There are 2 protein chains.
Amino acid sequence: MEPGDRQREHYHHGSLKESLIAGARELLKEKGPDDFSLSELARRVGVSTAAPYRHFESREALLGAVAAQGYEELLRRLKKGVKSGVSPVEQLKLFGISYLSFAADHPELFQIMFNGRYNEEAGGPRGATFAPMIDYVEQAQAARLLPADLRSHEVARFLWATAHGLTVLHLNGGFASLGIDDTPEGLNSSAWDVVLGETGPNAPGAA
Amino acid sequence: MEPGDRQREHYHHGSLKESLIAGARELLKEKGPDDFSLSELARRVGVSTAAPYRHFESREALLGAVAAQGYEELLRRLKKGVKSGVSPVEQLKLFGISYLSFAADHPELFQIMFNGRYNEEAGGPRGATFAPMIDYVEQAQAARLLPADLRSHEVARFLWATAHGLTVLHLNGGFASLGIDDTPEGLNSSAWDVVLGETGPNAPGAA
DNA sequence: ACCTGAACACCGTTCAAGT
DNA sequence: ACCTGAACACCGTTCAAGT
């Protein structure tokens with residue numbers, strides 16, 4: 001038994017800040033963002049209800065830190081999901097598919113990232129998430145796969161909004177009552193062909 | 001002074017249920033959905049904290065009633081916003097524009113309508129909101145303004161998601177940190193030409 | 001039938017006090 | 001420097017009791 005172990009295990013906590021963030025993610029997954037309680041989190045981590053306030057200004061600040069972690073993970077997921085050997089239009093589709101599947105895997109995290117309460121913390125990471133789309137759009141425009149007379153960042157913003165809208169309507173059950181396929185695969189299958197149909201069956205050169 | 005007036009004005013309340021819903025909308029606008037308190041609402045309406053429970057099962061049930069009212073108003077707004085004398089593609093654009101501007105006018109209402117907690121109450125109205133889009137899409141497909149080999153309800157769902165995504169990212173400030181135009185007008189101006197460009201400068205017959 | 005008054009368990013947050 | 005214990009004001013909800 002190392003000398004530091006006893007100290008870390010009971011009484012004082014070694015690294016409470018990290019434990020709180022990790023514990024918050026678990027509790028969030030269990031209870032959902034609405035029933036998440038800071039007191040209960042403190043109880044689970046084995047610390048007094050006042051202890052978190054040495055590390056976070058408020059309950060909201062703690063959730064902001066969780067959201068920041070979420071942005072890092074979303075960014076990693078998108079980098080993995082968007083392959084580099086394919087056409088820029090295909091990359092845009094992969095972006096949307098990865099975006100939705102990340103949210104489906106971590107719905108509580110995604111909800112916290114985009115509930116609008118942590119825009120100061122989220123602004124930077126959100127921009128970093130969005131930036132690659134502009135590149136894909138410009139490459140697609142250069143290759144004449146997308147209309148070239150529209151501003152690339154407006155097109156990118158529009159496509160991001162589409163991915164985001166499909167995602168949040170899927171998460172909150174918006175499609176469920178409509179009797180149409182609500183699986184991530186179903187949502188993504190032909191959906192993107194509507195706007196990015198140039199490489200699909202509607203492609204000008206596909207006939 | 002009518003005999004009923006005294007009775008309605010003090011002591012007991014005449015129609016508490018309606019007063020609660022109306023008061024909830026005011027309080028919601030003031031405090032936002034997160035800091036909305038049922039106790040404070042009761043206080044404002046001039047009634048004990050237990051009184052609302054004679055009319056609503058819970059705080060959530062009351063907010064569900066507010067959401068239902070929101071759907072009615074959104075539907076009216078969409079019916080007014082989408083003119084009938086124009087092409088179906090133009091109608092789809094007007095749908096998106098009306099959708100966003102309704103949410104910009106009633107952000108707290110929109111948030112409650114789509115937070116996923118009231119899907120039982122919301123399922124019907126949501127379907128009624130969505131249904132007209134399928135008509136527009138089918139008319140556009142018949143007129144060869146949209147690709148005809150995609151299922152109309154999938155295209156409509158996709159366009160709804162786009163309008164919804166633009167709306168929620170606008171509401172929660174998702175575009176603010178990106179240095180691009182975030183006004184409802186700016187979001188709508190050229191945005192829809194990306195997917196519905198057939199009647200715009202990118203239209204096949206426009207050159 | 002509709003509402004009050006008082007209570008219950010639970011919040012988030014603060015602060016003096018301990019080590 | 002980091003945490004505890006106890007307190008504060010405030011929730012949502014329940015229930016006997018009043019009219």
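Residues numbered from 1 in each chain as written. Chains lettered and ligands numbered in written order. Predicted model: local features only at pLDDT ≥ 70, side-chain atom pairs only at ≥ 80, totals over all residues. Heavy atoms only, no water.

**Thoughts on the protein's contact with DNA strand D**
Part 1: In the vicinity of DNA strand D, 19 residues are found, and the nearest of them are Ser 48 and His 55 of chain A together with Ser 39, Arg 43 and Tyr 53 of chain B.
Part 2: Backbone atoms, meaning sugar and phosphate, form 68% of the atoms of DNA strand D found within 4 Å of the protein.
Part 3: Residue His 55 of chain A places a side-chain N or O atom 2.7 Å away from a phosphate oxygen belonging to DNA strand D.
Part 4: One of the backbone nitrogen or oxygen atoms of Ser 39 of chain B is found 2.9 Å away from a phosphate oxygen of DNA strand D.
Part 5: In terms of residue count, the dominant contributor to the surface near DNA strand D is helix α3 (residues 38-45) of chain B (3 residues).
Part 6: Grouping the amino acids of the surface near DNA strand D by side-chain chemistry returns 8 nonpolar, 8 polar and 3 charged. (Near = heavy atom within 4 Å. Polar contact = N/O pair within 3.5 Å; in protein donor to acceptor, adjacent residues only side chain to side chain. Helix = DSSP H or I, 4+ residues; strand = E, 2+ residues; numbered from the N terminus. Nonpolar A, V, L, I, M, F, W, Y, C, P; charged D, E, K, R; others polar.)

**Side note on the protein's contact with DNA strand C**
Part 1: Neighbouring DNA strand C are 19 residues; Leu 38, Ser 39 and Tyr 53 of chain A together with Ser 48 and His 55 of chain B lie closest to it.
Part 2: In the environment of DNA strand C, a sugar or linking oxygen lies 3.1 Å from a nitrogen or oxygen atom belonging to the side chain of Ser 37 of chain A.
Part 3: In the model, a phosphate oxygen of DNA strand C is placed 2.8 Å from a nitrogen or oxygen of the His 55 of chain B side chain.
Part 4: The biggest single contributor to the surface near DNA strand C is helix α3 (residues 38-45) of chain A, with 3 residues.
Part 5: Tallied by class, the residues present in the surface near DNA strand C amount to 8 nonpolar, 8 polar and 3 charged.

**Brief notes about the pattern of salt bridges**
Part 1: Under the definition given, this model contains 16 salt bridges over all chains.
Part 2: Salt-bridge contacts for Glu 30 of chain A lead to Arg 44 of chain A; the nearest nitrogen and oxygen are separated by 2.9 Å. Residue Glu 30 of chain A is located in helix α2 (residues 16-31), and its partner Arg 44 of chain A is located in helix α3; the two are separated by 14 residues in the primary sequence.
Part 3: Take Glu 30 of chain A: its relative accessible area is 52%, and that puts it in the exposed class.
Part 4: Owing to a relative accessible area of 44%, Arg 44 of chain A belongs among the partly exposed residues under this scheme.
Part 5: One salt bridge connects Arg 117 of chain B with Asp 34 of chain A, and the closest N-O pair in it is separated by 3.3 Å. With Arg 117 of chain B in the loop between α6 (107-113) and α7 (119-142) and Asp 34 of chain A in the loop between α2 and α3, this pair bridges two chains.
Part 6: Its relative accessible area of 47% is what places Asp 34 of chain A among the partly exposed residues. (Salt bridge = Lys/Arg side-chain N within 4 Å of Asp/Glu carboxyl O. Buried < 20%, exposed > 50% of the residue type's maximum accessible area, 1.4 Å probe, protein only.)

Worth remembering: the numbers are spatial, not functional.
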